[in-house]
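Descriptive structure summary
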Amino acid sequence: MLRYNLSYWERETFFKDFDVAVIGSGIVGLAAAMHLKTLDPRLNVAVLERGVLPAGASTRNAGFACFGSMTELLDDIAQFGEDQVLTVVEKRWRGLQRLRALVGDANMDFQQLGGYEMFTDDEEDVFQQCLERIPEFNHKIGAITQHPEGYKLVDDRLPDFGFRGVRHLILNQPEGQVHTGKMMSTLLRIAESQGIKIFNGIAIRRMEDTSQGVELETDAGWTLRVPRILIAVNAFVKTLLPGTDVIPARNQVLITHPIPGLSIEGCFHYDRGYYYFRNIDGRILLGGGRHLDNASEQTAEFGPNELIRSALVQLLRTVVCPARPVEVDAWWTGILGLGSVKKPIVERYSDNVVIAVRLSGMGVAIGTLIGQEGAELLLK
Ligand SMILES: Cc1cc2nc3c(=O)[nH]c(=O)nc-3n(C[C@H](O)[C@H](O)[C@H](O)COP(=O)(O)OP(=O)(O)OC[C@H]3O[C@@H](n4cnc5c(N)ncnc54)[C@H](O)[C@@H]3O)c2cc1C
């Protein structure tokens, strides 16, 4: 770790007179910073990010612009109740529209190719439960999305995709996908064009809200005092606020080499969403399998898990692309922020500190809205 003090020049030019500092430059931090400028264009806003790029989930996810496959929502309803689930779906849908307006569909290759839920022979029971509830879902979720026939059985598409061992497909038609890299680079560009100062390579290791503002201690050893801060560090919040109900959850992801003649298009959920994959640039991006080794994956450290990686390769070769040779080009990991409730936390921690964290697996859709809510709360 590089340790140094700020020079007089650095202190008096680069780090002078910030009104607000946002910690974390993921989708939530950037959306919050931008919304602060919308609320008050005179504010001098800084974003402090530990990574060379955002180093959590926002540049490392699968880019599903999704708001709920049927098994996910049914599991959530059983755990948290229908009202809470419908409220979150409504936010995911609204957040998605906000993201599209903010970034622009063309700037992030947004495509509404639909989200498919796959069911194998062994999943006949759960499939029947979903099938029976399609009309109810179309009524309740359709009221939010204005797609009265969003969910439908599309078994006739199975031959086009060429999966093995998959018996049924339920499509959620209004779901989409984005190019995550383009989405994030556009958000960074917009933030900078609004005069927001983004500093990379600054990890905050301690903060204290005092009567003279919030004191931030960096990993490099120097400190910074700012009137107000917004903490948007998602899975990593426990480093700063150990009592927060957020658990880090690592996810393994692979991308294949281009597959000639690939006919798979859309976002796919397999085994009740424990695995997910999509097409991108003629390749398959596939991830998940965290349930195979939950204990090891409950970590904020990036890194491989060979057990899960071999299960993902097996799934790729035997179910997703069984009929042709397919090679893995690269692997990476990203860290999600989960908790005892599947709902983001946006709350005031102290007089001058607001936190906006715990985006679980839905930050693409909901992230900009949570940033906006955090910014509004901070200025209240
Ligand atoms: C593999 C994977 C696949 C996913 N797929 C999808 C998907 O398809 N669709 C979907 O909607 N969601 C998906 N998600 C979830 C989604 O990516 C997240 O919900 C969202 O990106 C969270 O955004 P965030 O800004 O809250 O957090 P992050 O993007 O994690 O941003 C937090 C930032 O804070 C920085 N930081 C942390 N600690 C400090 C510190 N002490 N000082 C300074 N900076 C710090 C980190 O480096 C990071 O850049 C996926 C996540 C993963 C990991």
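Up top is the structure these notes are about.
None of these values were measured; they are calculated from a predicted model.

The rules we used
- Residues numbered from 1 in each chain as written.
- Predicted model: local features only at pLDDT ≥ 70, side-chain atom pairs only at ≥ 80, totals over all residues.
- Near = placed C-beta within 6 Å.
- Helix = DSSP H or I, 4+ residues; strand = E, 2+ residues; numbered from the N terminus.
- Nonpolar A, V, L, I, M, F, W, Y, C, P; charged D, E, K, R; others polar.
- Domains from an automatic or database assignment.
- Expected span 1.5 Å × (residues − 1).
- Buried ≥ 20, exposed ≤ 12 C-beta atoms within 10 Å, placed from the backbone.
- Contact = placed C-beta atoms within 7 Å.
- Pairing = 2+ DSSP bridges.
- Core = buried A, V, L, I, M, F, W, Y, C linked by C-beta atoms within 7 Å.
- Axes fitted to C-alpha atoms, helices over the stretch in contact; angles between N-to-C directions.

1. Remarks on the site of the ligand
Around the ligand, the surrounding shell holds 44 residues, and the nearest of these are Gly24, Gly26, Gly56, Gly334 and Gly363. Broken down by secondary-structure element, the contributors of at least two residues to the shell around the ligand are helix H2 (27–39), strand E2 (45–49), strand E13 (247–256), strand E17 (328–338) and helix H10 (363–379). It is H10 that provides the largest number of residues to the shell around the ligand, a total of 4 residues. Taken together, the residues that form the shell around the ligand break down as 24 nonpolar, 17 polar and 3 charged. Lining the shell around the ligand are residues from two domains, each supplying at least three of them: domain 1 (18–59 + 181–246 + 341–379) and domain 3 (247–338).

2. Considerations on H2
Taking 1.5 Å per residue as the helical rise, H2 with its 13 residues ought to reach 18 Å, and the 18 Å between its terminal C-alpha atoms agrees with that figure. Buried residues dominate H2, accounting for 10 of its 13 residues. Turning to H2, its buried residues are Ile27, Val28, Gly29, Leu30, Ala31, Ala32, Ala33, Met34, His35 and Leu36. Buried residues along H2 sit in contact with strand E1 (20–23), E2, helix H7 (180–193), strand E12 (228–231), strand E19 (353–357) and H10.

3. Regarding the pairing of strand E10 (residues 213–218)
Put simply, side chains in a regular strand alternate between the two faces of the sheet. The pairing of strand E9 (residues 204–210) with E10 spans 6 bridges and is classified as antiparallel. The residue of E10 that forms the bridge with methionine 207 is leucine 216. Linking E9 to E10, which pair antiparallel, is a turn of 2 residues. Examined bridge by bridge, E10 and strand E11 (residues 223–226) share 4 bridges and lie antiparallel to one another. When the bridges of E11 are listed, glutamate 215 appears paired with arginine 225.

4. Considering the environment of histidine 257
Mapped onto the secondary structure, histidine 257 falls in the loop between E13 and strand E14 (267–270). If near-sequence neighbours (up to four positions away) are discounted, histidine 257 is found in contact with Arg283, Glu327 and Asp329.

5. Here we look at the nonpolar core
Buried together is how nonpolar side chains tend to be arranged in soluble globular proteins. Residues Leu230 and Ile231 are the most contacted members of the largest nonpolar core, which totals 103 residues. Beyond its immediate chain neighbours, meaning those up to four positions away, leucine 230 contacts Val20, Val22, Ala32, Val354, Ala356, Gly374, Ala375 and Leu378.

6. A short note on the sheet that holds E10
Ordered by their spatial adjacency, 3 strands build an open sheet running E9-E10-E11, and the pairing between neighbours is antiparallel. In this open sheet, the two strands that pair with only one neighbour each are E9 and E11. Neighbour-to-neighbour, the strand axes of this sheet turn through a mean angle of 20°, independent of strand direction.

7. Observations concerning the environment of isoleucine 308
Tracing the backbone shows isoleucine 308 in helix H9 (residues 306–320). Along the backbone, isoleucine 308 and glycine 289 are 19 residues apart, and their C-alpha atoms lie at a distance of 5.9 Å. In contact with isoleucine 308, other than residues within four places in its own chain, are Gln252, Gly289, Leu292 and Asp293.

8. Re the pairing of E14
Residues Cys267 and His269 point to one face of E14 and Phe268 and Tyr270 to the other, with burial holding for every one of them. Inspection of the sheet shows strand E4 (residues 115–120) paired to E14 by 3 bridges, in the parallel sense. From the neighbouring strand, glutamate 117 faces E14, where its bridge partner is histidine 269. Pairing geometry for E14 and strand E15 (residues 275–280), over 4 bridges, is antiparallel. The residue bridging histidine 269 from the neighbouring strand is tyrosine 276, located in E15. What sits between E14 and E15 in their antiparallel hairpin is a turn of 4 residues, with aspartate 271 showing a positive phi close to 55°.

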